[in-house]
Amino acid sequence: MLSLASLLNVSTATIIAATPALCSQPVETLRDRFEARYIPSGAMIPTLQINDYLIIDKRAYCTNSPKRGDIIVFKPTEIIRKQGIENPMIKRIIGLPGDTVEITNAKVYINNKLLKENYINEAPKYQYGPIKVPDNSYFVLGDNRNNSYDSYYWGFVPAELIIGKAVRIYWPPSRQKNLE
């Protein structure tokens, strides 16, 4: 049986030694920092496939802010919960707090600059914005732009709803890789 440390390609001692500096709360075990997640939908194709299993770093944002391009897992927003969806979601951060996001002519623009996206399944077939991302919130989209229930539909993800950052696909073995 593979250990979490071996799946992450690091030693257990390295993880435990590095983690206390990340947050004020002590980390007692690898499970305090990392969590496994299953991908049940095609919203993140081609990056994540249905039935992929991921490692989520729940402490990735203790000292660093989320960055554009990060793949995050987050609790459903109030609007999503009102629709009866209770399970966490996974999407890619596109807009940061204060950014102006616009989707037009099958392209995404951040602050009037074209966002280069080599990870999407196909270009978006919709128009959106321009709209400014509120403070302490993020605009997220699935990589499968035209088949993803994301910020285009329901708005922004408040920072406090972020569970963690997806860092590695660990199953199936043929798809094992770090997520950058």
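Below or above, wherever it landed, is the structure these notes cover.

Conventions we followed
- Residues numbered from 1 in each chain as written.
- Predicted model: local features only at pLDDT ≥ 70, side-chain atom pairs only at ≥ 80, totals over all residues.
- Heavy atoms only, no water.
- Helix = DSSP H or I, 4+ residues; strand = E, 2+ residues; numbered from the N terminus.
- Buried < 20%, exposed > 50% of the residue type's maximum accessible area, 1.4 Å probe, protein only.
- Contact = heavy atoms within 4.5 Å.
- Areas by Shrake-Rupley, 256 points an atom, 1.4 Å probe, with all protein chains shown as cover.
- Salt bridge = Lys/Arg side-chain N within 4 Å of Asp/Glu carboxyl O.
- Core = buried A, V, L, I, M, F, W, Y, C linked by side-chain atoms within 4.5 Å.
- Pairing = 2+ DSSP bridges.
- 1 Å grid on protein atoms, 1.4 Å probe; cavity = no way out; pocket = protein on both sides within 12 Å on 5 of 7 lines; lining within 4 Å.
- Points joined across faces, edges and corners; volume = space filled by probe spheres on them.
- Phe/Tyr/Trp six-rings, centres within 6.5 Å; stacked < 30°, edge-to-face > 60°.
- Lys NZ or Arg CZ within 6 Å of the ring centre and 35° of its normal.

### So, the overall build of the protein
Thinking step 1. Looking only at helices and strands, the protein has 5 helices and 12 strands in total.
Thinking step 2. Burial statistics for the protein: of 180 residues in total, 45% are counted as buried.
Thinking step 3. The long-range share in the protein, meaning contacts at least 24 apart out of those at least 6 apart in sequence, stands at 60%.
Thinking step 4. Here the protein displays about 9,600 Å² of accessible surface, and carbon together with sulfur accounts for 51% of that area.

### Quick notes on the pattern of salt bridges
When charged atoms on two side chains of opposite charge get close, those side chains can pair.
Thinking step 1. Taken as a whole and judged by the stated rule, the model has 10 salt bridges.
Thinking step 2. Ionic pairing is found between Lys-58 and Glu-35, a salt bridge with its closest N-O pair at 3.7 Å. Residue Lys-58 is found in the loop between β2 (53-57) and β3 (71-74), and its partner Glu-35 is found in strand β1 (residues 34-38); the two are separated by 23 residues along the sequence.
Thinking step 3. Lys-58 gets classed as partly exposed once you look at its relative accessible area, which sits at 30%.

### Looking at the nonpolar core
Thinking step 1. Grouped together as the largest cluster of nonpolar side chains are 13 residues, with contacts concentrated most on Ile-94, Ile-103, Val-108, Ile-110, Leu-115, Phe-139 and Leu-141.
Thinking step 2. Where this core is concerned, the elements lending two or more residues are β5 (100-104), β6 (107-110) and β9 (137-141).

### A closer look at the sheet that holds β5
Thinking step 1. Taken together, 4 strands build an open sheet; the order of strands is β7-β6-β5-β8 and the sheet is antiparallel. The open sheet has two free edges, formed respectively by β7 (113-114) and β8 (128-132), since each of these has just one partner strand.
Thinking step 2. The pairing of β5 with β6 spans 4 bridges and is classified as antiparallel. What sits directly across from Thr-104, in β6, is Lys-107.

### A word on the layout of surface pockets
Thinking step 1. Taken as a whole, the largest pocket holds about 340 Å³ of empty space.
Thinking step 2. In terms of lining, the largest pocket is formed by 15 residues, of which the most central are Pro-40, Ser-41, Pro-88, Met-89 and Ile-90.
Thinking step 3. Among the secondary structure elements, those contributing two or more residues to the lining of the largest pocket are β1 and β4 (89-95).
Thinking step 4. Considering each element in turn, the lining of the largest pocket owes the most residues, 3 residues, to β4.

### Comments concerning the packing of aromatic side chains
Thinking step 1. The final tally for this structure, using the stated rule, is 9 aromatic pairs.
Thinking step 2. Arranged with centres 5.2 Å apart and planes meeting at 40°, the rings of Tyr-128 and Phe-139 form a pair that is tilted. Here Tyr-128 is found in strand β8, whereas its partner Phe-139 is found in strand β9, with 11 residues between them in sequence.
Thinking step 3. Judged by relative accessible area, Phe-139 falls into the buried class, the value being 0%.
Thinking step 4. In textbook terms, an aromatic cluster arises when at least three aromatic residues are bridged by ring pairs, as seen for Tyr-126, Tyr-128, Phe-139, Tyr-149, Tyr-152, Tyr-153 and Phe-156.
Thinking step 5. If you follow Arg-92 out to its NZ or CZ, it ends over the ring of Tyr-119, 3.8 Å from the centre.

### Some words on unusual backbone geometry
Thinking step 1. With an omega dihedral of 5°, the bond running from Gly-129 to Pro-130 counts as a cis peptide bond.
Thinking step 2. Note that Pro-130 resides in strand β8.
Thinking step 3. With omega at 5°, the peptide bond leading from Trp-171 into Pro-172 counts as cis.
Thinking step 4. Mapped onto the elements, Pro-172 comes out in the loop between β11 (162-171) and β12 (177-178).

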